[in-house]
Protein chains: 2
Amino acid sequence: MSQAREVDVRQPILAANAAAADTLRERFAAAGTLVVNLISAPGSGKTTLLEVTVPRLRALGLRMAALEGDIATERDAERLRAAGIPAYQIVTGGTCHLDARLVSAGLDQAAFGPLDVLFIENVGNLVCPTSYDLGEDLKVALLSVTEGEDKPFKYPGIFARAEVTVVTKADLLPHVPFKLDEAQAQVRTLRPDGRWIVTSATTGQGIEEWCAELVARVQAKGATRG
Amino acid sequence: MSQAREVDVRQPILAANAAAADTLRERFAAAGTLVVNLISAPGSGKTTLLEVTVPRLRALGLRMAALEGDIATERDAERLRAAGIPAYQIVTGGTCHLDARLVSAGLDQAAFGPLDVLFIENVGNLVCPTSYDLGEDLKVALLSVTEGEDKPFKYPGIFARAEVTVVTKADLLPHVPFKLDEAQAQVRTLRPDGRWIVTSATTGQGIEEWCAELVARVQAKGATRG
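The shown structure was predicted, so the numbers you read here are calculated from the model rather than taken from an experiment.

## Points about helix H4 (residues 100–110) of chain B
Three- or four-residue spacings in an α-helix give side chains the same orientation, since the helix completes a turn every 3.6 residues. Residues and elements named next belong to chain B. Of the residues making up H4, those classed as buried are Ala100, Leu102, Val103, Gly106, Leu107 and Ala110. Angular distribution of buried residues about the axis of H4 spans 155°; they occupy a single face of the element. Away from its buried face, by an angle of more than 90 degrees, H4 presents the exposed residues Asp108 and Gln109. Phi turns positive one or two residues past the end of H4, at alanine 111, with a value near 45°.

## Description of the state of the cysteines
All names here are of chain A. Enumeration according to the criterion identifies two disulfides over all chains in this entry. Residue cysteine 96 pairs covalently with cysteine 128 via a disulfide, S to S 2.3 Å. Between cysteine 96 and cysteine 128, the S-S torsion sits near -100°, and that sign places the bridge as left-handed. Here cysteine 96 is found in the loop between strand E4 (87–91) and helix H4 (100–110), whereas its partner cysteine 128 is found in the loop between strand E5 (117–121) and strand E6 (138–144), with 32 residues between them in sequence. Look at cysteine 96 and you get buried, because its relative accessible area is 12%. Classification of cysteine 128 as buried rests on a relative accessible area of 7%.

## Quick look at the interface of chain A and chain B
With 49 residues of chain A at the contact, the number on the chain B side is 49 residues. Across the chain A to chain B interface the summed buried area is about 4000 Å²; carbon plus sulfur atoms make up 55%. Viewed at the interface, chain B and chain A are joined by six salt bridges. A salt bridge links A:Asp150 to B:Arg75, with the shortest nitrogen-to-oxygen separation between them at 3.0 Å. At the junction of chain A and chain B, the tally comes to eleven residue pairs in polar contact (both at pLDDT 80 or more). Contributing elements (two or more residues each) for the side of chain A that touches chain B: strand E1 (2–3), helix H3 (75–82), E4, H4 and helix H5 (151–154) of chain A. Among the residues making up the side of chain A that touches chain B, the classes are represented as 22 nonpolar, 13 polar and 14 charged.

## Structural notes on the pairing of strand E8 (residues 195–198) of chain A
Pairing analysis gives four bridges linking strand E7 (residues 164–168) of chain A to E8(A), with the strands arranged parallel. Across the sheet, the residue bridging to A:Val166 is A:Ile197, located in E8(A).

## Observations regarding the environment of A:Asp133
All names here are of chain A. With respect to the helices, strands and loops of the structure, aspartate 133 is situated in the loop between E5 and E6. Each C-alpha atom of the pair aspartate 133 and phenylalanine 119 lies 14 Å from the other, and the pair is 14 residues apart in sequence. Once residues within four sequence positions are removed from consideration, aspartate 133 is found in contact with Asn17, Ala21, Arg25, Ala100 and Lys139. Within the structure, aspartate 133 has its side chain in polar contact with the backbone nitrogen of glycine 135 (distance 2.7 Å).

## Things to note about the packing of helix H2 (residues 46–58) of chain B against helix H3 (residues 75–82) of chain B
Residues and elements named next belong to chain B. In contact at an axis separation of 9 Å, H2 and H3 are set at 10° when each is read in the N-to-C sense. On the basis of their axis angle, the class for H2 and H3 is roughly parallel. Residues Thr47, Thr48, Leu50 and Glu51 of H2 pack against Asp76, Arg79 and Leu80 of H3. Here the contact of H2 with H3 is built from residues that sort into two nonpolar, two polar and three charged.

What counts and how
- Residues numbered from 1 in each chain as written.
- Chains lettered and ligands numbered in written order.
- Predicted model: local features only at pLDDT ≥ 70, side-chain atom pairs only at ≥ 80, totals over all residues.
- Heavy atoms only, no water.
- Buried < 20%, exposed > 50% of the residue type's maximum accessible area, 1.4 Å probe, protein only.
- Helix = DSSP H or I, 4+ residues; strand = E, 2+ residues; numbered from the N terminus.
- Arc of directions from axis to C-beta.
- Disulfide = S-S within 2.5 Å.
- Contact = heavy atoms within 4.5 Å.
- Buried area = accessible area lost by both parts, 1.4 Å probe.
- Salt bridge = Lys/Arg side-chain N within 4 Å of Asp/Glu carboxyl O.
- Polar contact = N/O pair within 3.5 Å; in protein donor to acceptor, adjacent residues only side chain to side chain.
- Nonpolar A, V, L, I, M, F, W, Y, C, P; charged D, E, K, R; others polar.
- Pairing = 2+ DSSP bridges.
- Axes fitted to C-alpha atoms, helices over the stretch in contact; angles between N-to-C directions.
- Parallel < 35°, antiparallel > 145°, perpendicular 65-115°, else oblique.

The following block contains the structure:
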């Protein structure tokens, strides 16, 4: 086994990002907006999770919008607009993650108005988005049961940083060799205080629990404003 | 929609990689080794595909080995050793792709001996590995039916560069809303001359076709050696 050398070029980039993220955080705090940074592999179901989340939170009167990060295409933003919330697509070109300056520029362009929740759907990638603070309140890692239960230890950075891990596509558990307990044990090792929510957008399993987690965080954020 | 600026820092890195890749290509040509660079999202089934490929090619007398790229853990190399081929794990730390110098150093460490086929299983990522030439004969993109048929257009770089796209987990098609025709049409647009092979490691569907593709390429490479 060999170990790659550290890529020193990243340090000044991350420092500049941290400064821009702090500015974003102040902006979100002043507005009382809960900001959720969703990170997963491609195809784990980030957009689908939001499609089932939006109607439930809207029924509670929450104002929401989404920033969508993608290498190419407007497809995810279109899906969320169809679900009934404003969505702005940030096409990153070749870049494998969003950064705080892209989010800041996207927000200026989007001009969403007052929000209770801003969802940031990061580029589908378990590596690059991990290190980039977007001024969010929480990172949410999605893990589909079709990906295999070894993923938390293979991508420890994101599962250690995520306050919430959402398992998706639980309706497929009868058809795939996924050991739920083993995945959960890995996430617990990496993030002992993290929330673990098992969901299926198809059957609705766990969606109420996930929405309740968001609502509690919106209320806590509102209480600290001003 | 906004467009991120190009990251200029990548140009000298890619130029250095290209030079190292050319050296690798000469080394592989002299040895008559077919080199296959497997790229996909995390959990698309790269290691599982190799687990079912290895016994079939070994039965034909082919000598194989694997280089495994991962952010963390030795798990994939262990699985391939269990499948009966030498495997060497390159743990990249935080880096989201293999590069030619890591492959070169890994090969020196691994000292595999004469090979007909070298599999390079890249880090699970549809973005970063795309631009890094590893001196391979072909890139193979894997796309699991659980990931959604929109992925080729969302990650056009890899599907345009891959000589072969292998659809995986086709046994799950009855349980997921994946439009096979739509995915194939996207890949055809991006790579009109590419091969498209639909497989399931569980049922064996398409595995003979995939192995025949590799064998034909091994024979073509052997014919051009010396």
